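Single-letter residue listing:
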Amino acid sequence: MPSLPNNTVSDLVSYADAIVVATVVNEREGASDVDPGDGSSYNSRVLTFRVDHRVWSAEGAPQPSANFDLTTFGWNQRKGGDKERSLRSDVIWYEKGQQFVIPLSRYDDGSLAIPSVDSIVPTSATAVFGSGEPWTASTPALAALAAKTPNELSTVLASAAPDPIAVKYHDLNPSARYRKVLAERASSTIS
């Protein structure tokens, strides 16, 4: 997953193609990595989300289909042991049936990704991080999206102005767009 700015709502609309409210409808195991030394393994999870509401999209941006998959943190398993959640203190542990506000960006290969690993906002006050701690917004942008109806989200997002430099490079995937923004800002400070 990329790690793009998500401190302000402007950051979100600068690097996302669409922002949706979506519900986890399915979960399956993803790729597995086995440590040849001790036989322990890590399995990712692939979550299928159903789009409930499209609350914002960039002009001319590709849109997610009615259902889309995202790969997320899964399980660790020691050889011969039980599976345990791959606990992350800064990432939500997603459960089937939970609903989230999700910024999405489409990459050159057509895959969808979130702009930053911590950019998904739960619509429920009961969501938890992988560590089991209650979810809290890590940035003002994420706090601005929490506990909002789809209409309120649309209003908040419509009022956010994207970074004018990022807009110039909107035809690029978000990571390339961000690199262009950083390069242009660096060249303007040198001048």
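Analysis parameters
- Numbering of residues begins from 1 in every chain and follows the order in which that chain's sequence is written.
- Only residues with pLDDT of at least 70 are given local features in this predicted model, and only at 80 or more are side-chain atom pairs given and counted; all residues enter the totals for whole chains, interfaces and linings.
- Note that the side-chain values use all heavy atoms of the structure and ignore hydrogens as well as water.
- Planes of paired rings set the category: under 30 degrees apart is stacked, over 60 is edge-to-face and the rest tilted, where pairs are Phe, Tyr or Trp rings (Trp by its six-membered ring) whose centres lie within 6.5 Å.
- In this text, helices come from DSSP runs of H or I with a minimum length of four residues, and strands from runs of E with a minimum of two, each type numbered from the N-terminal end.
- Each residue gets one of three labels from its accessible area relative to the maximum for its type: buried under 20%, exposed over 50%, partly exposed in between, using a 1.4 Å probe on protein chains only.
- As a reminder, the over-ring test applies to NZ of lysine and CZ of arginine, requiring each to be within 6 Å of the ring centre and within 35 degrees of the ring normal.
- In this description, strands pair whenever DSSP reports at least two bridges between them.

Asker: Break down the packing of aromatic side chains for me, citing the residues and quoting the values.
Answerer: For the structure shown, the criterion picks out six aromatic pairs. Seen from their ring centres, tryptophan 75 and tryptophan 93 are 6.3 Å apart, and the 75° between their planes marks the pair as edge-to-face. Highlighted residues: tryptophan 75 in strand S3 (residues 67-77) and tryptophan 93 in the loop between strand S4 (83-85) and strand S5 (99-106), separated in sequence by 18 residues. Tryptophan 75 sits in the buried class, given a relative accessible area of 15%. Taken together, a centroid distance of 5.1 Å and an interplanar angle of 75° make the contact between tyrosine 94 and phenylalanine 100 edge-to-face. On the basis of relative accessibility, which here comes to 4%, the residue tyrosine 94 falls in the buried class. Among the residues examined, phenylalanine 100 registers a relative accessible area of 1% and is labelled buried. A network of ring pairs unites the aromatic residues Phe49, Phe68, Tyr94 and Phe100 as a single cluster. Directly above the ring of tryptophan 93 sits arginine 45, whose terminal nitrogen or CZ lies 3.8 Å from the centroid.

Asker: How would you summarise the pairing of S3 if you had to cite specific residues and measurements?
Answerer: Here is the key point about a regular strand: its side chains alternate between the two faces of the sheet. When strand S2 (residues 41-57) meets S3, the two strands line up antiparallel, connected through nine bridges. Residue pairing for S3: arginine 50 is matched across the bridge by asparagine 67. Note that S3 and S4 share three bridges and pair antiparallel. Paired with tryptophan 75 across the two strands is arginine 85, which belongs to S4. Hairpin connection of S3 to S4: five residues between the antiparallel strands, including glycine 80 at a positive phi of 80°.

Asker: Residues and numbers for unusual backbone geometry, please.
Answerer: Backbone geometry at alanine 147 places phi at a positive 55°, although glycine is not the residue there. For alanine 147, a relative accessible area of 68% puts it in the exposed group.

Asker: Could you give an account of the environment of valine 167, with specific residues and numbers?
Answerer: Among the secondary structure elements, valine 167 is positioned in helix H4 (residues 164-168). With 109 residues separating them along the chain, valine 167 and alanine 58 place their C-alpha atoms 9.6 Å apart.

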